Every structure is written in C-alpha cells, then in structure tokens.
Amino acid sequence: MNDMIFTAIVIAVKILVVLAVTLGLGAYLTWYERKFAGHLQARRGPTVVGPFGLLQPLADGLKLMTKAPILPKGIDTKLYYMAIMMALVPAIMLFAVVPFGPSFKIMGHEVKPIVANLNIAILYVFAMGSMAAYGTLFAGWASNSKYAFIGSLRKAALIVSYEVVLGFAALSVILLAGSMNVFDIVDSQIKSGIWYIVYQPISFVLFLFCLLAESGRVPFDIQEAEAELVTGYNVEYGGMKFGIFPLAEWYLNVLALCAIATVLYFGGWSGPHIFGPFSGFIWFLVKTFGLLFFVLWVHWTLPRYQAKDVVEFAWKYLLPISIVNLVATAFFVYFKG
Amino acid sequence: MPWASKDTLERIKHSFRQINIDIQPHFVCINVEDTKDITNILKHLKDVEDFRYFIDFHVIDFPKEKDRFLGQYILVNPYTFERLAVKVWFKNNKLPTAKEIFAGAKWAEREAYDMFGVEFEGHEDVKRMFMWEDYKYFPLRKDFPLGGIPEQKLPSLTEVLEGNTMPPSHDYDIMHTYVPTIKEIEKTEKSRITKRGQLVLNWGPLHPGTHGTMWFLFDLEGEHIIQTDVILGQLHRGMEKIAENIHYFQFLPYTDRMDYLSAVCNELSYVQAVEKLANIEVPLKARYIRTMFAELQRINSHLLWLGTGALDLGALTVFLYAFREREKIMDIIEGNAGFRLTSAFLRIGGVHYDLAKGTLEVAKYFVKDFYSKLKEYHGLLTRNRIWLKRTKDVGVITQEDVYQYGLTGPVARGSGVAYDMRKIDPYAAYDLVDFDIPVGDIGDVYDRYLVRMEEMYQSARIVEQCIEALEKMPENEPYVNKKHPAVIPPKEDVFNDLEDMVKSFRIVVHGENMPKGEVYSSGENPRGELGFYIYSIGKSSPYRLRIRSCSFYNLSVFPKVIEKHTISDAVALLGSIDPVVGETDR
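1. Section: the overall build of chain A
At step 1: A count of helices and strands for chain A gives twelve helices and two strands.
At step 2: Counting from the amino terminus, helix and strand elements in chain A follow one another as α-α-α-β-β-α-α-α-α-α-α-α-α-α.
At step 3: In terms of overall dimensions, chain A has C-alpha extents of about 60 × 50 × 45 Å along its principal axes.
At step 4: Sequence-distant contacts, at least 24 apart, represent 78% of the contacts inside chain A between residues at least 6 apart.
At step 5: As displayed, chain A offers around 15000 Å² of accessible surface, 74% of which is attributable to carbon and sulfur atoms.

2. Some remarks on the side chain of Asp256(B)
All names here are of chain B.
At step 1: Structurally, Asp-256 can be placed in helix 7 (residues 252-256).
At step 2: At 4.2 Å, Arg-257 is the nearest oppositely charged side chain to Asp-256, a buried residue that forms no salt bridge.
At step 3: Setting aside residues no more than four positions away along its own chain, Asp-256 makes contact with Ala-263, Asn-266, Glu-267, Thr-342, Ser-343 and Ala-344.

3. So, the sheet that holds strand 10 (residues 199-203) of chain B
At step 1: The sheet built from three strands is open, its strands ordered 10-11-12 (chain B) with antiparallel pairing. Edge strands, defined here as strands with exactly one partner in the open sheet, are strand 10 and strand 12 (224-231) of chain B. Neighbour to neighbour, the strand axes of the sheet diverge by 20 degrees on average, direction disregarded.
At step 2: Note: strand 11 (residues 215-221) of chain B against strand 12 of chain B, seven bridges, orientation antiparallel. Looking at strand 12 of chain B, one finds that Glu221(B) is bridged to His224(B).
At step 3: Against the sheet, helix 5 (residues 146-177) of chain A engages strand 10 and strand 11 of chain B, with an angle of about 110 degrees to strand 10 of chain B.

4. Focus on the side chain of Thr329(A)
Residues and elements named next belong to chain A.
At step 1: Along the chain, the position of Thr-329 falls in helix 12 (residues 307-336).
At step 2: Exposure remark for Thr-329: the relative accessible area of 5% places this residue in the buried category.
At step 3: Apart from the residues lying within four places of it in its own chain, the contact partners of Thr-329 are Ser-172, Leu-175, Leu-176 and Gln-200.

5. Thoughts on the sheet that holds strand 15 (residues 517-525) of chain B
All names here are of chain B.
At step 1: Reading across from one edge, 15-16-17 is the order of the three strands in this open sheet, with antiparallel pairing throughout. Edge positions in the sheet fall to strand 15 and strand 17 (544-548), since each of these pairs with one other strand and no more. Between one strand axis and the next, the sheet turns through 10 degrees on average, direction left out of account.
At step 2: In this structure, strand 16 (residues 528-536) lies alongside strand 17, joined through five bridges in antiparallel fashion. Residue pairing across strands places Ile-534 opposite Leu-545, the latter belonging to strand 17.

6. Brief notes about the interface of chain A and chain B
At step 1: Listed as interface residues are 28 residues of chain A and, on the opposing side, 32 residues of chain B.
At step 2: Roughly 2600 Å² is buried in total at the junction of chain A and chain B, and carbon and sulfur atoms are behind 59% of that figure.
At step 3: For the interface between chain A and chain B, the tally reads one salt bridge.
At step 4: Close ionic contact of Glu223(B) with Arg154(A) constitutes a salt bridge, the shortest N to O distance being 2.4 Å.
At step 5: Counting the contacts that link chain A with chain B gives ten residue pairs in polar contact (both at pLDDT 80 or more).
At step 6: If you list the elements that add at least two residues to the side of chain A that touches chain B, you get helix 5, helix 9 (226-229) and helix 12 of chain A.
At step 7: Ranked by the residues each element gives to the side of chain A that touches chain B, the list is headed by helix 5 of chain A, at five residues.
At step 8: Taken together, the residues of the side of chain A that touches chain B sort by class into 15 nonpolar, four polar and nine charged.

7. As for the pattern of salt bridges
Residues and elements named next belong to chain B.
At step 1: Within the structure shown, the criterion is met by 49 salt bridges over all chains.
At step 2: A salt bridge links Arg-324 to Glu-325, with the shortest nitrogen-to-oxygen separation between them at 3.0 Å.
At step 3: Glu-325 sits in the buried class, given a relative accessible area of 0%.
At step 4: Put simply, Glu-295, Arg-298, Arg-413, Asp-420, Arg-422, Glu-455 and Glu-524 are held in one network by salt bridges that share partners.

8. Details of the confidence of the model for chain B
At step 1: Residue-level pLDDT values for chain B average 86, and 98% of them are 70 or greater.
At step 2: This complex was scored by the predictor with a pTM of 0.87 and an ipTM of 0.83.

9. Details of the environment of Ser262(B)
All names here are of chain B.
At step 1: Relative to the assigned elements, Ser-262 resides in the loop between helix 7 and helix 8 (263-278).
At step 2: Along the primary structure Ser-262 and Pro-526 are separated by 264 residues, whereas in three dimensions their C-alpha atoms are 7.1 Å apart.
At step 3: Apart from residues lying up to four places away in sequence, Ser-262 is in contact with Gln-297, Ser-301, Asn-525, Pro-526 and Arg-527.

Cut-offs and rules
- Residues numbered from 1 in each chain as written.
- Chains lettered and ligands numbered in written order.
- Predicted model: local features only at pLDDT ≥ 70, side-chain atom pairs only at ≥ 80, totals over all residues.
- Heavy atoms only, no water.
- Helix = DSSP H or I, 4+ residues; strand = E, 2+ residues; numbered from the N terminus.
- Contact = heavy atoms within 4.5 Å.
- Areas by Shrake-Rupley, 256 points an atom, 1.4 Å probe, with all protein chains shown as cover.
- Buried < 20%, exposed > 50% of the residue type's maximum accessible area, 1.4 Å probe, protein only.
- Lys, Arg positive; Asp, Glu negative; His and termini not counted.
- Salt bridge = Lys/Arg side-chain N within 4 Å of Asp/Glu carboxyl O.
- Pairing = 2+ DSSP bridges.
- Axes fitted to C-alpha atoms, helices over the stretch in contact; angles between N-to-C directions.
- Buried area = accessible area lost by both parts, 1.4 Å probe.
- Polar contact = N/O pair within 3.5 Å; in protein donor to acceptor, adjacent residues only side chain to side chain.
- Nonpolar A, V, L, I, M, F, W, Y, C, P; charged D, E, K, R; others polar.
- pLDDT = per-residue confidence, 0-100.

Here it is as structure tokens:
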C-alpha cells in the first residue's frame, strides 16, 4: 500500500516537473533563439525587457494572450481549435520517454527520472512525431485559406517521407542496443564505453536531417516559407492560438528530438563525474543543448530547399542510404555480436 | 555615339521610300508616312538591319493634329549598339500591333491603351495595364485634367451634419475623382486569368514575397504554375502626367520616388536628359561626384536585392549582413544630400551641395572594408549547395527573350547580353574611370546573382577611382555650371549674390524655357536602362515626358518564364528580376 502511494506521488511529481520544465524551457528557448540569432547577425537580440532581455518571453506571452481573438470567415471551428491541441499535445507527450538522467534512490526506492519507462519508447517517439503532423494538417484544412492549405499539404508530404527515414535510421541503433527501452540503450552504451555515434555516424546524420524536417527548421521549413506562403499553415491563427504552433513545433519538438538523439547516439547521461551528484543530469542537458545549438545554427545560416527537392531528397537519397546502413548494421550485429 | 549611323539610315531609306529621316543632336528617328507599312518596316529593321532589341514603345498626344496620336518605337541593334526611333501616326486611333514582332510590345501596347485609349489591330482583347477595368478615362490624353475629373461625392462629417458651409469647413473638395469599388477590382482580377488548373492563388498585392504592391495571380496545378498574370498599378501615380505640368527642375524629386532604392541613379538619368536638351555643360567635379554617388547607390540597391533575395530563399542572416553595409552607404548619402532614401541630391547642371567634409575619407574606409564584406557574402551563398539547387537552371531567360522583351540591366547581362549604358554611351564620368561589365552565360537565377555580385565589386572600384580623382581637385572647384541660363545657382550664392538670387527667383517662379526638340537619353540604373524621352516645344515644362522603366519591361518576361515552374521558383525568379513597384507603376 505504502509502495503504491509512493509510486503515485513520484509519477505525479515527475509529470509536474516535466510539464513545468518543458513549457518553461519552451518559452525560454524563444529567448535563447532570439539572442543566438541576434549575435549571429551582428545584432544584440532582446535587451530591453529585464536583464539581458530575460523577461522577453513573458512579455511576448502576455502580448500574445491579450490579443483580440479573431476568427476568419468560413473556418471549420472544431478542427480549427483541435489543430492547436493536436500540435501541442504530441510535442509535450514526447517528453514522457525522455530519460533526464541516471536512476537514483529516494527513501530506499529506486526512481527513474522518466515519466513512462516504456519498453517500446522509440516506437512511441515515432508515433508522437507522426501525430504532430495532424496539428499542421488540421490547421491548414480548417483555416479556409489557400496559403495555409498549401503549407499543410507540404508538411504532410514531408512527414510521410521523413518518418520512414527516421524509422530506418533509429532502427540500426536499436539493433546495436538490442532494445527499444531508452534506459537499456543508454546502459549498453555506458557498458561498452563507446557512444553509438562512433558505430553509426551515417545513421546520426540521417537522424539529424529528419529532426530538421520533422520540426520544420531550415533548410526544410517549406511549410511555412514566408516568402512563398506568408507563414504557411498557421497564417489564419492569431494571438496565443498562433503562439502555440511555433512553441510546439520549433521548440518542444526540436528539444524532445534532440534529447532522443542524445539518448540514441551520445550515450544519454554518460560522462565524467565532475559536477557532483547531478553530473548525469547536467551532461544530458549539455548534450541536448549542444544539438539544439547546432539546429539553430543551421536555421539561421542556410537557405531553404524547394518542396519537391525535399521530398525527392528523402526518397531518392536518404531512404536507400538508411536501408543500406541498416543491412550493414544487421550483418555486423549477426557476425560480431 | 549610340544613335544609328548615316550608313544605316541610308540603307533603310533605300529599302523603304516612304519614310523621312529626322536627325537631331540627341535623337534620330525615321518617320513612317503610311501606317500600313509599319509592320513591314519593323520586321525589316529586326531581321535585316538587326535592330532586334526592343527598348520602348510609347504614344504622344497631339489633340490638334489630324491623326492625333503618334506612336514611337525605340529599337537598338545589340551588335553595333545603334539606337533608332521609329515614328508612326495612328490611323483612326488604330495601329497594327507589334506584339508578334517584339513580345515586349504587348505590355507597352497595353499601357498605351490604358493611358491614351488607342487601339491595336491584332491585339483585340487588350487589357488595362495600371487602371482597373471599366475605368472610363484615358489619363495621359491632353484633355484629361491634371487633378482628374471630380465626380464622386465624398463629404465630410460636418457637411453631412450641417450641409455645405460657406466658406467650406475644410480645404478639400466634396467631389473627388473616381475610386474603384471592390466589384471593379474583382472584375479586373477575373478578366486577367481564366482558371484552368486546380486553384488560383492570389499572390499579393500585400505579400512578403513580392517586395511591394504587386499582384500576381497564379493558376496552380499542384505546386506548379500553369499560367500567371500580374496586376500592376497599385502604386501608379501618373508621373508622366505630372511631369507635363511642372517645370523641368521641379520633376527631379519625383524621379526619386520611382525606383526608390536607387534615387541618385534615377536623378542622374533624368538630369542628363534635360542637360542634353538644354545643352548644359557639367563641371568635372560634379561629374565625378555624380558617378561616385550613383555607384554607391548601385551598391546600396544591390545589397538590398541580395538581402531580400536571400531572405526569400530562406537564408535569414544574409539580410542583416547586407543591411549593415547598406547603412554605411545611407550614412554617406544622408551626410551629403540630407536625405537617406529620396535624396534629391543632383541638380540640372551639377549637384546640390559640394561634398560634405570628410565624405571622401568615410567613403574610402567604406570601400576598403567592402571588399572583405563581399567575400563574406560569397562565402555564405556562392558555393552553398542549397543555394545552387535553388538558383541553378531556375528561371532561364534566353538571349532571344532579352531582345524580345526589352530586358536590360543585370537581367540582360545575366543572359550574356553585354548591354550597359555606362560603356555604350558614357555619361557623367564613366568615360574617365576603368571598370568591367560582367556577363552571365545561361541566364538562370544563379547567373544573375553572380552578375550582380560582380557589379558590386566593379562599383566599389569605380568609387575608389572617383575618390582618387576628387581628392586631387582643388577645394573651391565649381560643382554647378551656374553660368548657363537654365541652371539654378547653388544656395550659398543665392543668399550672398543679388544676381544669383534674381536668377534663382526667375527660374523657380517662371521656369526656364528649354529649346525645342526631342531627346531620348538613358542611364544605367541598378535594375536596367532607365530612359527619359522628352518632347519639348520650347516651354519650361516638357510637352511629353516618357519614362522608359526598366523594372516594367524586366517584369514583363515573368509570366512567360515562370510557366510550369513551382511557387518556390517564382520567388527565386522574382527576386532575381528584382523589380521595384515605384518604377513599374510610375
């Protein structure tokens, strides 16, 4: 009985912590990105609101929330609102299978810093990643706007092609680890002492491409290409209704996928114990943010592809490469392991 | 000398008896007597005499003459760079169309119809170019008043509440010129395109990709565009009409507002046309200053193109890098002219102010720094694979297109046509400086990108040479030729010298009558050949001033090239054509 209450409390706390951290981080990532972009572009980024502009996300949020709600004519109201939820929920749900650090003990109980320690965690990531596409699709369809419609169609084409590549890329890591559980994957990397990026550099690059594509970052941000489609699928949304979309897609999605990539290729929380008891957590965050840094860097430097090129790229180049990589890994595992 | 030589004219005269040749100092034209011959003559000029480069077509209105409207073609031989004007009278308001011979004439004829109500045989369903369908008037006709015809009541609140008061409660009239209704705008939209594909996408008039109030209609089949039309005129201000009603010197600030990204270049084109008409010598110092500022303006304009062009293709950072340098040029221009954008820096006969103290030093530092900045831009884009994928073999404009549509500037040079007014007909101090003209090969977006990048480099070179020359000049060298009767003396003289004050007063109030005659003169703008045709009848304002807009003709090729391409290509192509709406619409 005691055990059950303890477990329930732990899970509730975990959910609260993850929700608070991810949503807070999501908001502060906007500050991070703006600051980063500013310095990249010989500007200074936000400086006015608070020290170093640190209160800027709050000001942005306040502004978005106090905007007059405007509903365009001829929309499908139910879908219109559902799209917002469909975009936000899967993005947050992704964090359910992110292990933030090694397991530790509280009052004799072992606690794993993960909301749901699933044995099919990676499969779950794919599922949620695909679910996120519905948000875009619904938004595009419900808005009754041609720009939004074209944007959402592009996103659909993109998700369909990159999900496949993502699957094959991650599958080779799963083959090496022999498990879909994130803890097992990290443990096997720690045990062998070699991160999987050493064995699977190709698969990592493919994963990175998919990460950029799924989260709508440059060079694959075809669904919201400003110069072509104004902002694409979310053009008819205003106020916080609009704010949710970039938050979910550009920040939460990217952050979650970066965390997953850290688990798959960079040994999760493994690293030298130089930060005391929180060493594992800090290493995990450092690696995740390192990847995020790379994503932002790419976003603010490169031009974007055309819609047809993006899809062509996935089917013609990435998919065959990923399959070859998978087969090679399979042989490797069969004969060596 | 860019006008047709005696030999050429002799040959043409030999082939066609029914023409008169009219040679003026800055204008050479053949008058075609019989309207029926015009098609044959144009064909002959194009095929036999190689005048295949279509530059302009415009109309002049003579209400008192028997045939009223005079049409005029301006053609160029792209091999010898001879220029020739062909004049022909409309018969019963009609002229055979030239759109089969020169594709660029299609838009020019639409404009002529829009502004003069003239018709073209063989171009039957001619559409309005700038005004909306169902608009009743033809604004450039001489009998159309400058202020328009007031016919619509737009009363103020006071008038609604209290009736007409005397004196009026405000200083505008109750009656206004006609304003199009939504219905008429919709009709205009419908008349342009008949839907064949899956959906018609309205791209503009307010859209981040069009860089202005251009209105594209894309008929889409999936992502592919199967037909396009452009609705222009949202920024139409009737520049040509305005010019006919004000003094020559008064029109100068209006030119700033055409291609607002290259104000000094516009001014230079206009000012030299007037100078040619009035035969004004310009002091050497003014010529160097003009060249220097025109080239700075060119860099400025190209930087904006680079920034926005890259932004369109998703490269967000290049935009701010380009604007960083642009700000420095703006600073130099502002310090000298007093304005950043619409500078109004040049004057007929010279420049408005002497160089501000320290300008040369600042410009020197800027140019020195600019070479390394150019390398930075190249590093960001030139060999970037995504950039190559987006620009290579996209929007290919052939040489034939260039001649047919009258494309000029980097668009023409990107396709391998080395047509640059700075070399062909050097004006200002371009004959005294050393520079090269880059030309492209295939004529795709990438070639135009490279041409413009190289042009920036060459402009920086020119600026360097101008600085060198200006540094050697003594400080009190004149910068305005104030001895000429048509030139307003510089302000500092006006305040200190009675004679100059009287002269300034006389010109400003009454204007100075210019000699009779015609002039077509053009300058190389960042976007192409900006030409001014002036028909003077000896008054202080032109009888007809035609602005040969480079953006307008450059844009006219867009619907043809974009067919069967995607929307993403449309963005890339439009960015590389780089039209400015202030100039397409005038």
